[in-house]
Structures are given as C-alpha cells and as structure tokens.
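# Examination of the molecular architecture
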Amino acid sequence: MRILKFGGTSVANAENIKRVLEIVNKKSEQDQLVVVVSALSKVTDLLQAAATKAASNDESFKDIVAEIEKKHLDTLKALIPVSEQSSLLSHVKRIINHLETLLDGCFLLGELSNRTSDTILSFGELLSSYIIAEALKQTNKNNGYKDSRELIKTNNHFGKAAVNFEVTNQLIRDYFATNESQVVIMPGFIASSLDGIITTLGRGGSDYTAAILAGALNAKGLEIWTDVNGMYTANPKIVKQAHPIATISYQEAMELSHFGAKVLYPPTIQPVLRKNIPIVIKNTFEPESEGTYISNQVSSKDTIVKGISHIDNISLITLEGSGMIGVSGSSKRLFEVLSNESINVIFITQASSEHSICIGILNADAENAEQAINGAFEVEITQNKVDPCIVEKNLCIIALVGENMKNHQGLSGRMFSTLGKNNVNIRAIAQGASERNISVVINERDVKKALNTLHENFFEENTKQLNLFVMGVGNVGEKFIEQIHSQRKFLKENLKINVRVIALSNSRKMIFDEDGISLKEWQAALENGETANKDAFIERAKELNLRNSIFVDITANATVSETYEEFLKQSIAVVTCNKIACSSEYANYKKLKNLSRQFNAPFLFETNVGAGLPIIDTVKNLIASGDKVHKIQAVLSGSLNFIFNNFDKDNSFLDVVKEAGVQGFTEPDPKIDLSGIDVARKILILIRESGYEMDIDAIANESFMPAESLATTTNEAFFESLKKHSAHFEAIYDEALSKDSRLKYVAQFENGKASVGLQFIPKDHPFYNLEGKDNIVLFYTDRYVDQPLLIKGAGAGAAVTASGIFADVIRIGNN
C-alpha cells in the first residue's frame with residue numbers, strides 16, 4: 001500500500017487534475033494506492049471569505065458561492081464526457097446548495113462559530129475529491145471513494161482537532177482489510193468527532209490526513225505531490241539560488257516545516273516517524289524529478305546545514321525584573337497564562353541570570369498576550385519587582401537546520417558574522433541542546449537580505465553576489481558598465497563574485513531592477529526610465545535592502561557626495577571617483593571613515609587620485625605596516641599633464657584644452673582642472689591617508705590662470721577668455737623654453753605644508769619625461785629615504801578610471 005497526497009495547486013483546475021490522474025494510473029500499476037486530495041487551489045480561502053462576509057451580514061457572500069460553484073462545474077465539465085455529466089452536475093449543485101444554506105444561516109444569525117466554520121470549510125475537499133474520483137473512473141475502473149470523516153475520529157476542538165489514534169487506526173485498518181479497489185480517493189483535511197460532528201485538522205491538514213493513513217496501514221511510503229521539486233534549501237520565492245534537498249532526516253524536516261517550509265505540514269511527520277515510513281515530496285508538474293526523500297537515515301557525509309527557514313509576523317515579548325531572580329515558578333506562571341489564552345509559543349530564550357524571559361509569538365496574538373501577562377503579574381508590577389512586559393512587533397525568526405551541525409564548531413559564529421556584515425541586527429538567539437537548530441529573531445524588513453546572505457554563505461560555493469547602485473553614466477560610467485558586462489563570466493568562474501547592476505541613474509533618468517539590469521541594452525532602458533530623483537534613488541536602495549549592496553558614485557557632483565553618510569549607515573558600501581567628500585572638511589572625512597568601520601561598510605575611493613593607479617592603496621599599506629610618510633612630490637593631473645605636453649608653438653593653449661575635453665581627460669567643467677583645485681583635492685587626500693590632519697584652505701594654490709578666466713560661469717565664456725589671454729599662456733611657454741625646462745603642474749607636501757602650482761621642470765628631474773596623460777607620485781618615508789617610492793602610469797581617461805572603480809568593487813567582493 002502506498003499513500004499519495006495531492007495539494008491544492010496540483011488539483012487547481014482540470015488540466016492539472018489530468019496530470020494527477022496520469023500519475024495515479026501509472027503508480028497503481030505497481031501498488032495499491034490511497035489518494036488524498038486537497039480542495040481546488042484557493043477554494044478554502046474563498047470558503048473562509050464567504051463565511052466571514054455572511055456572518056458580517058454582507059450579501060456579497062453569494063457572489064463568492066457563485067464563483068465556487070462555477071469553478072467546480074467548469075472543472076467537472078472539462079473532465080467528464082457530456083453524456084455522463086448530468087447526474088454528476090446535479091450532485092455538485094446539491095452540495096453547493098447545502099453550503100449556501102449554511103451561509104444563509106450565518107447571515108441571519110450574524111455569527112460564525114468554530115463548529116460551523118469547520119463544516120463550511122469541509123466543502124472544498126468534499127467537492128474536489130468527488131470530482132477527481134469520478135474523473136478517475138474514466139481511465140481506471142478499479143477505484144473507490146471513501147469519506148475521511150468516516151475513518152478519522154477526533155475530539156471537538158474545532159479548527160484544529162486532535163486525532164483519536166486508537167479509534168482512527170482501527171477504523172482505517174478495518175475498512176482497508178476488506179477493500180478490493182486498486183485506488184481509493186479520499187478528501188484530506190476533514191474528519192469527524194466521535195459523535196459525528198465535522199471537524200478539521202488545521203490548515204495544511206491534508207498532509208496530516210495522508211500521514212495518518214500511512215501510519216495506520218504501515219504503508220510502503222507516503223508521497224506528497226506539490227508544485228515544487230521537494231523541500232528547498234530556502235524559500236525559492238525569496239532566494240533565487242535555492243535548490244531542492246535530495247535527502248533529509250525526519251527531525252530535519254520537522255524543524256524546517258515548523259519554521260515555515262510550507263511544502264510540508266509540521267504534524268505530518270509524527271504518524272510515519274514511529275513506523276519509519278519514508279516520505280517523498282514530488283512535483284506534480286515534473287514527475288520525473290527526484291524530489292526530496294525523508295527518512296530516519298542521516299548521512300555523515302551530508303552537508304552541515306540542510307536548510308534555512310523562517311517564520312514571518314512574529315512578536316517578541318520580554319518579561320524582566322529583579323523580582324524574577326531566584327524565584328521559582330515564574331516561567332511556569334508565564335507559560336500557563338499563555339496556554340490558558342491558547343497562544344502558541346514559537347520561540348523561547350532566557351538569560352542565565354533569570355532576570356528576563358523572552359518569547360516569540362505570532363503578531364496576531366501579541367495584544368492578547370500582553371494584557372494576559374501584565375494581568376497575571378499585576379502584583380509584582382505594582383511592587384516594581386517585575387516590569388510591564390515589552391512587546392516588539394513585525395519581527396521574523398530565521399533558523400539554520402541540520403542534523404550534522406552538532407559535529408561542527410563555529411557555526412553560530414559564522415551565522416552571526418554573516419548577518420552582522422550585512423547590518424542585520426539580531427534581537428534574540430535560541431539553540432536547542434540537540435544543536436539541530438540555531439534560531440535568531442531579526443527585523444522583518446531584513447528577511448530577504450538575511451536569507452540570501454546566509455544561503456550564499458552556506459550553500460553557494462562561496463559565490464558572493466554584489467548588488468551595485470550606480471549614479472553617473474557618462475564617459476567613465478559607460479566604460480565601467482562595459483567592463484562589468486565583459487568580465488562577469490570571468491569573475492563568477494574564477495573569483496566566485498557575481499556582480500549585478502540593480503540601479504542606474506544619470507541627471508535625467510533612473511532605472512531599478514531587483515533581479516539585475518540587462519547590460520546589453522541598458523542605454524535604451526535608462527532612456528525609458530523614470531525621472532531621476534536623488535532622494536528617491538537613496539530610498540529605493542534602502543527599501544530593497546539587498547545584501548552586499550554598493551553605491552557607486554561616478555559623478556563630480558557635490559550634492560551626490562553628501563549622500564554617502566546615508567548609505568554607510570545602512571551598511572551599503574560606497575565606491576567613488578568623486579573627490580569632493582574626501583577633500584571636504586576634515587571632520588566630514590573622518591566621520592565617513594568612522595561610519596565605514598562602525599557599520600562594516602567599505603568606503604573606497606582609489607580613483608580619487610591617479611585614476612586606476614594603486615596610489616591610495618599603496619599609502620594605506622605603508623601606514624598599516626608602520627612606515628611614516630614625510631614628503632610627497634607628485635604630478636597628479638593627467639589632464640594638465642596632457643595639456644602641457646601638447647601645448648607648443650603649433651597648438652594653442654585653447655585648442656589643447658578643448659582636445660583634452662574631447663578625449664575625456666578633463667572634468668565637464670575644465671576650470672576644475674585648470675584652477676588647480678582638482679590637484680589640491682588629490683594631494684589633500686594623500687596627505688590625509690598618510691595620517692596627517694589638513695583642510696583644503698591650508699594648501700597654497702599658485703594659479704597660473706588669469707583671474708578673469710577663473711571668474712567665468714560657462715564653458716563658452718571660459719574658452720573665450722582663454723583665447724583672449726593667449727599671449728599670457730604663450731609667455732609661460734616661452735619662459736620654459738628659455739630655461740630648457742618642461743611645464744608640469746606639481747603638488748608638494750613636506751614639513752606639514754602643502755602647495756600646488758605650475759613649475760619649470762629641468763631635464764634631470766624624474767618629472768621631465770612624464771609623457772601624455774601620465775601621473776607620477778614620489779613618496780619619501782622612513783623606509784624610502786634616499787630613493788623615493790615611485791608610482792607612475794596613466795592618470796586620466798575614461799577606461800583607466802573605470803578600471804580603478806571596478807577594482808574597488810572587486811576588492812569589496814574579495815573581502
């Protein structure tokens with residue numbers, strides 16, 4: 001004998017029922033079967049809604065009844081030949097009429113008792129099982145139908161009745177001892193009391209019906225057929241990378257089902273556990289898939305953690321006070337109060353000091369529990385021995401489950417560290433003595449991030465998913481996205497990093513895609529996006545609350561740089577080529593660095609100095625290893641170096657400046673480069689990273705530009721001014737020729753003083769042969785005294801800057 005149970009989605013409509021019948025017919029060739037079926041998909045919800053509306057004197061319950069009737073009649077008509085439909089349709093209509101009579105009674109009385117509710121809800125399974133049994137007769141004549149109410153007997157606890165196993169098991173055995181049908185169809189979920197009143201086994205009780213039958217009949221196996229390929233490592237609707245678990249123990253399955261794995265109803269396992277009857281969870285729509293095999297076997301070679309599950313809508317209630325320390329019976333009184341109110345306790349933790357007890361219950365029970373507990377401890381509260389209970393709502397329990405967890409050290413630490421790195425605050429912790437389960441309570445808004453982060457850590461071969469929110473898609477931004485697109489496969493295969501771009505924004509438009517923006521046609525998608533809004537961009541990033549989130553700033557915008565604090569406080573890393581934040585007031589620079597440490601959110605800005613050159617990283621390594629920087633000499637502007645390397649008798653200063661802009665070497669406003677402020681910002685950042693405190697106004701800026709040019713407000717006016725003052729620039733060039741020198745814009749730091757300005761560089765100086773758009777930096781330190789540490793290379797250009805930003809993103813992925 002084998003027991004098969006088909007859930008609501010498996011019997012949702014005629015097409016799905018035909019799949020079920022194919023499976024049943026195939027299975028019946030090998031074994032005698034009992035087939036337990038749920039109500040058609042959503043019908044139980046419709047019945048509940050109709051009952052509630054009727055009891056509220058809302059006549060729209062009749063519309064729901066009409067919907068239920070149509071659903072079942074349409075299904076029957078699609079399964080049964082027209083010539084055989086008449087009597088069957090009449091039977092279904094009689095059942096619907098009976099249902100409507102009950103609902104009319106609720107409407108007239110204006111009430112809905114638990115007993116009546118059970119009777120109304122039973123119609124779903126009664127209708128589905130009748131239709132499926134009649135449909136099976138079309139292809140399998142050797143089948144029968146048995147009403148579960150005649151075999152499964154319970155107490156009168158309506159809504160979730162307790163089974164009387166002694167009576168039930170005997171009735172089941174007696175019936176099947178004389179049954180000759182190869183297949184017997186039975187409704188799930190419903191039962192009856194010893195005095196014949198209809199009861200139900202709780203939502204999801206069809207699984208339980210099947211397990212009761214399997215246990216009573218010592219079946220070969222129990223098969224639960226649903227719409228997924230078994231029990232998953234996590235909820236696949238939340239964790240896209242979740243995968244089916246091939247084998248699992250009864251105890252692991254119970255833990256996962258208790259903590260929200262909805263494939264299996266928690267009580268299902270008990271009746272078969274005692275008899276060592278295996279459970280197989282299969283997919284009706286992919287019957288050849290392996291599914292999940294549940295038994296009493298635990299393989300020592302299995303993965304440490306079998307699954308991650310969660311329960312939503314949890315409230316945490318804390319009872320604490322000095323009057324509880326050393327006082328016996330406090331816990332008993334607390335749980336007794338909750339038991340008297342029929343409140344189920346899902347989670348328990350108590351401090352060893354006995355100063356407090358913390359419990360987790362459903363949000364729906366929180367208000368009732370608070371009143372009951374405060375009432376029970378009223379005397380102690382009045383005497384200030386116990387505080388009124390504290391209620392925290394909208395929480396969630398997340399549980400790691402695995403039979404082999406007890407044999408491995410450090411799992412709790414690994415779990416807590418993984419959550420902490422993503423700013424998921426743990427409100428409470430519980431772990432049973434069996435060490436099969438580690439549970440934590442967190443904020444409900446962090447559920448998706450927490451589940452994905454833990455799944456990534458425990459199940460995904462250490463592949464780390466990075467979620468990028470990119471602001472600024474000009475020349476550099478475009479190259480950055482191009483580089484991500486071309487390197488994604490390499491990063492995933494070789495570095496185990498999966499980079500996804502979740503958001504893109506320019507000054508006009510922005511787009512979001514939680515599953516990752518397609519980088520093949522991102523320009524067209526952005527053009528059709530919503531209107532850009534900085535505040536909305538930030539809020540959206542916060543709301544999505546994705547793990548390993550990184551804000552990438554590829555702008556030169558001061559307002560954007562002011563948003564870093566908000567991102568870091570949400571544990572969203574910041575990668576930026578925008579120099580404004582790190583060259584702002586020293587207090588703000590330090591605050592951002594401190595926030596990065598406090599919220600474990602990297603703040604990387606390698607491209608602030610030298611584009612893709614590893615200048616800042618080198619300074620950090622020098623300081624971290626105990627070296628001390630005493631002097632810095634540098635050419636830090638690739639754009640100015642390009643300009644002065646190409647400015648000569650044949651190319652006017654104006655023409656070279658324009659060409660630098662065309663090639664993407666200057667900022668959109670070239671005055672930022674030519675005024676020296678950009679170089680001043682860069683040397684300031686290097687000074688700060690070297691461990692010195694300094695602000696921008698302490699740097700002497702010896703400008704070579706005419707004051708009139710710097711006072712212009714548009715690029716057009718600025719270029720016109722350069723043309724007007726061409727003689728000024730030619731005079732500077734002539735002076736350099738006369739000194740047999742080359743013009744370089746140099747930044748210097750020594751003895752606590754810094755300056756930037758145009759210098760005449762002689763032939764024997766390291767800066768003389770600096771070509772094109774290259775940068776060069778000389779560091780004089782305790783270790784590099786006579787010969788400085790020299791870093792040289794391309795210091796401007798969209799591609800090299802983009803590669804520097806990309807390197808910072810990869811650095812985060814590798815940590």
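Presented here is an overview of the structure given in this document. Every value quoted in this text rests on a predicted model; they were computed, and no experiment measured them. (Residues numbered from 1 in each chain as written. Predicted model: local features only at pLDDT ≥ 70, side-chain atom pairs only at ≥ 80, totals over all residues. Heavy atoms only, no water.)

## Let's talk about the sheet that holds strand S7 (residues 198-200)
Definition in use: Whether two strands pair comes down to DSSP finding at least two bridges between them. For the purposes of this entry, the term helix denotes a DSSP run of H or I that reaches at least four residues, the term strand denotes a run of E that reaches at least two, and both are numbered from the N terminus.
Across the sheet, three strands lie side by side as S4-S6-S7; this open sheet has mixed pairing. Every interior strand has two partners, whereas the edge strands, strand S4 (153-154) and S7, have only one. Taken together, the two bridges between S4 and strand S6 (residues 190-193) define a ladder with parallel strand orientation. By the bridge assignment for S6, lysine 153 is matched with serine 192.

## So, the sheet that holds strand S24 (residues 603-604)
Here seven strands make up an open sheet; going across it, the order is S21-S20-S19-S18-S22-S23-S24 and the pairing mixed. Only two strands of the sheet have a single partner each, and these edge strands are strand S21 (530-531) and S24. Pairing of strand S18 (residues 464-471) with strand S19 (residues 497-505) involves eight bridges; the strand directions are parallel. Each residue of the ladder has a partner; that of lysine 464, found in S19, is isoleucine 497.

## Side note on the packing of aromatic side chains
To be explicit about the condition: For Phe, Tyr and Trp, where Trp contributes only its six-membered ring, two rings pair if their centres lie within 6.5 Å, and the inter-plane angle classes them as stacked under 30 degrees, edge-to-face over 60, or tilted in between. Only protein chains enter the accessibility calculation, which uses a 1.4 Å probe; a residue whose area is less than 20% of its type maximum is buried, one above 50% is exposed, and one in between is partly exposed.
Per the counting criterion, the structure on display carries 21 aromatic pairs. Here phenylalanine 603 and phenylalanine 605 contribute two aromatic rings whose centre-to-centre distance is 5.1 Å and whose plane-to-plane angle is 50 degrees, an arrangement assigned as tilted. The class for phenylalanine 605 is buried, based on a relative accessible area of 1%. Consider the rings of phenylalanine 653 and phenylalanine 729, whose centres lie 4.1 Å apart with planes at 10 degrees: the pair is stacked.

## A short note on the packing of helix H2 (residues 43-55) against helix H5 (residues 114-136)
Under the convention used in this document: Throughout, an axis means a line fitted to C-alpha atoms (over the contacting stretch in the case of helices), and angles, computed between N-to-C directions, take values from 0 to 180 degrees. Put simply, angles under 35 degrees are roughly parallel, angles over 145 are roughly antiparallel, angles from 65 to 115 are roughly perpendicular, and the rest are oblique. Should the near helix be turned counterclockwise from the far one by less than a right angle, the crossing is left-handed, whereas a clockwise turn marks it as right-handed. Note on contacts: a residue pair qualifies if any of its non-hydrogen atoms lie within 4.5 Å across the two residues. Asp, Glu, Lys and Arg are counted as charged, while Ala, Val, Leu, Ile, Met, Phe, Trp, Tyr, Cys and Pro are counted as nonpolar; the rest, among them Gly, fall into the polar class.
Here H2 crosses H5 at 150 degrees, and the two axes come no closer than 9 Å. By the angle between their directions, the pair H2 and H5 is classed as roughly antiparallel. Crossing of H2 against H5: the hand is right-handed. For the pair formed by H2 and H5, the contact residues are Val43, Thr44, Leu47, Gln48 and Ala51 on the first element and Ser117, Ile120, Leu121, Phe123, Gly124 and Glu125 on the second. Of the residues contributing to the contact of H2 with H5, the split by class is six nonpolar, four polar and one charged.

## Focus on the pairing of S6
What you see with S6 is no split at all: Ile190 and Ser192 on one side and Ala191 and Ser193 on the other are buried throughout. Linking two consecutive strands that pair antiparallel, namely S6 and S7, is a turn of four residues; a positive phi of about 85 degrees is found at glycine 196 within it.

## Let's talk about H2
Keep this limit in mind: Take the residue count of a helix, subtract one, and multiply by 1.5 Å to get its expected span. Taken from the helix axis, the directions to the C-beta atoms give the arc we talk about.
Helix length check: H2 (13 residues) gives 18 Å between terminal C-alpha atoms against 18 Å at 1.5 Å per residue, within 8%. Those residues of H2 lying buried are Val43, Thr44, Leu46, Leu47, Ala50, Ala51, Ala54 and Ala55. Viewed along the axis of H2, the buried residues span an arc of 160 degrees, placing them on a single side of the element. As for H2, its buried residues are in contact with helix H3 (61-79), helix H4 (85-109) and H5. A positive phi of about 60 degrees marks asparagine 57, the residue just after H2.

## Looking at the side chain of arginine 500
Where we set the bar: Asp and Glu are treated as the negative residues and Lys and Arg as the positive ones, with His and the ends of the chain left uncounted. In the sections that follow, a salt bridge refers to a side-chain nitrogen of Lys or Arg positioned within 4 Å of a carboxyl oxygen of Asp or Glu. Under the rule applied, a polar contact is a pair of N or O atoms within 3.5 Å (in protein, one hydrogen donor and one hydrogen acceptor; residues adjacent in sequence only if both atoms are side-chain atoms).
Note that arginine 500 resides in strand S19. For the buried residue arginine 500, which engages in no salt bridge, the nearest side chain bearing the opposite charge is aspartate 515, 4.7 Å off. Polar side-chain contacts of arginine 500 include one of 3.2 Å to the side chain of glutamine 465.

## Remarks on the state of the cysteines
Rules: Here, the term disulfide refers to a pair of cysteine sulfur atoms separated by no more than 2.5 Å.
Going through the model one piece at a time under the given rule, you end up with zero disulfides. Here cysteine 358 is not disulfide-linked; the sulfur of cysteine 389 is the nearest cysteine sulfur, at 11 Å. Overall, the relative accessible area of 10% leaves cysteine 358 in the buried class.

## Topic: the environment of valine 401
You can see valine 401 is positioned in strand S15 (residues 390-401). Residue valine 401 is classed as buried on the basis of its relative accessible area of 0%. Expressed as a C-alpha distance, the spacing of valine 401 and isoleucine 281, which sit 120 residues apart in the sequence, is 18 Å. Among all residues touching valine 401, those that are not within four sequence positions of it are Glu252, Glu255, Leu256, Val305, Lys306, Gly307, Arg436 and Asn437.

## Some words on helix H29 (residues 798-814)
Spanning 17 residues, H29 covers 24 Å between terminal C-alpha atoms, matching the ideal 24 Å at 1.5 Å per step. Taken as a whole, H29 has its buried residues at Ala798, Thr801, Ala802, Gly804, Ile805, Phe806, Asp808, Val809, Ile810, Ile812 and Gly813. Next to the buried residues of H29 lie S18, helix H15 (475-495), S19, strand S22 (549-553), strand S23 (573-576) and S24.

## Concerning the pattern of salt bridges
Applying the stated criterion across every chain, the model contains 39 salt bridges. With its nearest N and O atoms 2.9 Å apart, the salt bridge here joins lysine 591 to glutamate 565. Linking lysine 591 in helix H20 (residues 586-598) with glutamate 565 in helix H19 (residues 564-569), this pair joins segments that are 26 residues apart in sequence. Overall, the relative accessible area of 35% leaves lysine 591 in the partly exposed class. The network of salt bridges with shared partners includes Arg2, Lys27, Asp31, Lys220 and Glu223.

So yeah, pure geometry; function would need other evidence.
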